[in-house]
Structure formats: structure tokens, C-alpha cells
Amino acid sequence: MAFFTDSFLNARRRELLQAVVSFKYQLNNTTWYQGTIESKEILGENIVIFAAVPSSGAADVVTGVRIYDQYGNLAGAQNIHLERTSLNVAVVRFTFPLVEKT
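Residues numbered from 1 in each chain as written. Predicted model: local features only at pLDDT ≥ 70, side-chain atom pairs only at ≥ 80, totals over all residues. Heavy atoms only, no water.

We now examine the sheet that holds strand β7 (residues 90-97). Pairing is antiparallel in the open sheet, where three strands are placed in the order β3-β4-β7. Of all strands in the sheet, those with a lone pairing partner are β3 (36-43) and β7, marking the two edges. Averaged over all pairs of adjacent strands, the angle between their axes in this sheet comes to 15 degrees, without regard to strand direction. Across seven bridges, β3 lies against strand β4 (residues 46-53) in antiparallel orientation. (Pairing = 2+ DSSP bridges. Helix = DSSP H or I, 4+ residues; strand = E, 2+ residues; numbered from the N terminus. Axes fitted to C-alpha atoms, helices over the stretch in contact; angles between N-to-C directions.)

As C-alpha cells, then:
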């Protein structure tokens, strides 16, 4: 039996969605760059965020991603390995389930 009500969890999903405001990505294990959050929404029990990683103009590897809250605090980070040619723009999808574990 779950402790939290659906309305309480829905409100926390909305708060989390509003709190995420910034996205950064790392190229070739070196410099961090500001990306763009293209969209964010609540789908069922998940917060889904799409962020754009523009082309650097050369072949590269996206090696890390970070999301920040409205206060500039790091909300989450992950190392990745996404190889690109000089022409590729990347769109990164984050899916965060916000559910009560019973």
C-alpha cells in the first residue's frame, strides 16, 4: 500500500519540472558548454526533458551531461559516450520516474 497520495506526487512532479532550468554538456572529457533545454513535460509518472547539444563544427564525443536547478545547483550528472561527426547535432532525452516505491 502506498503512503503518498497521487495528488501529492503529481505536485512534486510539477515542482521538479519547474525547478530544472539549465543543461550543460562536456565535449571530449574537457570543456563544459551551455546547452539548451528544448522541452520538458510530465508524461504519466515521469518527468521528460529534451536538451539540444549543437554541433561543434568538428567530429567530437559528448562525454558528460549535467542538469541544474533554478538556483544554479547541480541537480544531476552522468558520464556518457556519444560520438558525433562534424555535422551532427544531438538531442538528449532524460526520463526521470517519480514514483513511490512500495
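Let's shift gears to the pattern of salt bridges. Scanning the entire structure with this criterion turns up two salt bridges. Of the charged contacts in the structure, one is a salt bridge between R84 and D60, with a shortest N-O distance of 2.9 Å. Placement of R84 in strand β6 (residues 74-84) and of D60 in strand β5 (residues 60-69) is noted, with a sequence separation of 24 residues between them. Classification of R84 as buried rests on a relative accessible area of 7%. (Salt bridge = Lys/Arg side-chain N within 4 Å of Asp/Glu carboxyl O. Buried < 20%, exposed > 50% of the residue type's maximum accessible area, 1.4 Å probe, protein only.)

Bringing the packing of aromatic side chains into the picture now. Within this structure, the stated rule accounts for six aromatic pairs. Measuring from centroid to centroid gives 4.9 Å for F4 and F8, while their planes differ by 10 degrees, and the two rings are stacked. Ring geometry for F23 versus F94: centroids 5.9 Å apart, planes at 65 degrees, classification edge-to-face. Of the two residues, F23 sits in strand β1 (residues 20-27) while F94 sits in strand β7, which places them 71 residues apart along the sequence. Across the pair, exposure class does not vary: F23 and F94 are buried alike. In this structure an aromatic cluster arises from ring pairing among F23, Y25, Y33, F94 and F96. Sitting over the ring of F8, R12 keeps its end group 4.4 Å from the ring centre. (Phe/Tyr/Trp six-rings, centres within 6.5 Å; stacked < 30°, edge-to-face > 60°. Lys NZ or Arg CZ within 6 Å of the ring centre and 35° of its normal.)

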